[in-house]
Each structure stands twice: as C-alpha cells, then as structure tokens.
Amino acid sequence: MNELKSWDDAMTSCVNMGGTLATVADLTEWDDIKFYLHIGPVNVWIGANKKMNKITYVWTDDLNQATELNGMWAAGYPKSTAGYDCVFLLSEAFNDPCSNTYSYLCMEPAVFYSLMMMECSPNTLHTIPLK
C-alpha cells in the first residue's frame, strides 16, 4: 500500500510521530537512502520548501537555507513557476506545488523513517541511522 500525501499532510504526519520531513545533506546521503530503501521511480517529499518567504528554500527542522540542494537539482530546476514551493526527490531534486501527493521521508533527531514506500507493507517502517 502506498500512502501518498500533500507536502503539508506529510509534514503533519511526521510531526505527529515526533519528527519533521527529512533534511538531506548531500547527494551521497541521498544515494545511501535510496540504496537502503530500494526506492524505484517514486517521488518523495523532503523538508525543503519556500512556503514562508517565497524566495529561498529552507529546511523545516531548523529553517536554515537549503544550500545543499544546489548540487542536487535536476536540469531545469528549480522552476520559478508560482506555487512550486515544495521539494521532492526522485533521483535528483525537483520542486512542485505542495498540493501534489507523493510518498515522503520523516526525520527524527537520530533516525530517518520511510513512510509507506512502494515495497513496504502498510505498517512497516525502515530506519537509517544518520552518519
């Protein structure tokens, strides 16, 4: 079962579990996550967004500028289209309207959680210790 959520609903789910949408430090960390979770062609919300200031992408966990995305954007991204305020990952970073529904990654202080990914059963969580 896949549970697809808008960015806001995904964030609410993460907060309800005591975390936030994931911060991804760099492409190496994202490659590690993809390998561990066996993510196929699945769009995954992360915590980078520009909902508050509409100019700069920031992380939900500390509101620091998401400069790590500079080396992660897909060709032609980020789009400057109005309303494309939330970031998802596939093999690279993309921005889309926050109302789109995708899978998502939550982060707690020492653990990443994958929620409802394609290969997971409805109540299964995969965990990855942060480096």
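What counts and how
- Residues numbered from 1 in each chain as written.
- Predicted model: local features only at pLDDT ≥ 70, side-chain atom pairs only at ≥ 80, totals over all residues.
- Heavy atoms only, no water.
- Disulfide = S-S within 2.5 Å.
- Helix = DSSP H or I, 4+ residues; strand = E, 2+ residues; numbered from the N terminus.
- Buried < 20%, exposed > 50% of the residue type's maximum accessible area, 1.4 Å probe, protein only.
- Phe/Tyr/Trp six-rings, centres within 6.5 Å; stacked < 30°, edge-to-face > 60°.

**Let's talk about the state of the cysteines**
For step 1, the next point in the chain: Scanning all chains against the criterion turns up two disulfides.
For step 2, the next point in the chain: Note that Cys 14 is cross-linked by a disulfide to Cys 106, the S-S spacing being 1.8 Å. The chirality of the disulfide connecting Cys 14 with Cys 106 is left-handed, given an S-S dihedral of about -80 degrees. Note that Cys 14 is positioned in helix 1 (residues 7-16) and Cys 106 in strand 6 (residues 103-108), a separation of 92 residues in sequence. For the pair Cys 14 and Cys 106, a shared accessibility class is recorded, and that class is buried.
For step 3, the next point in the chain: The side chain of Cys 86 participates in a disulfide bridge whose partner is Cys 98; the two sulfur atoms lie 1.9 Å from each other.

**A few points about the packing of aromatic side chains**
For step 1, the next point in the chain: Counted according to the given criterion, the structure contains six aromatic pairs.
For step 2, the next point in the chain: Taking 6.2 Å as the distance between ring centres and 85 degrees as the angle between the ring planes, the aromatic pair formed by Trp 45 and Phe 88 counts as edge-to-face. Residue Trp 45 is found in strand 2 (residues 44-49), and its partner Phe 88 is found in strand 4 (residues 86-89); the two are separated by 43 residues along the sequence.
For step 3, the next point in the chain: With relative accessibility at 6%, the residue Phe 88 sits in the buried group.

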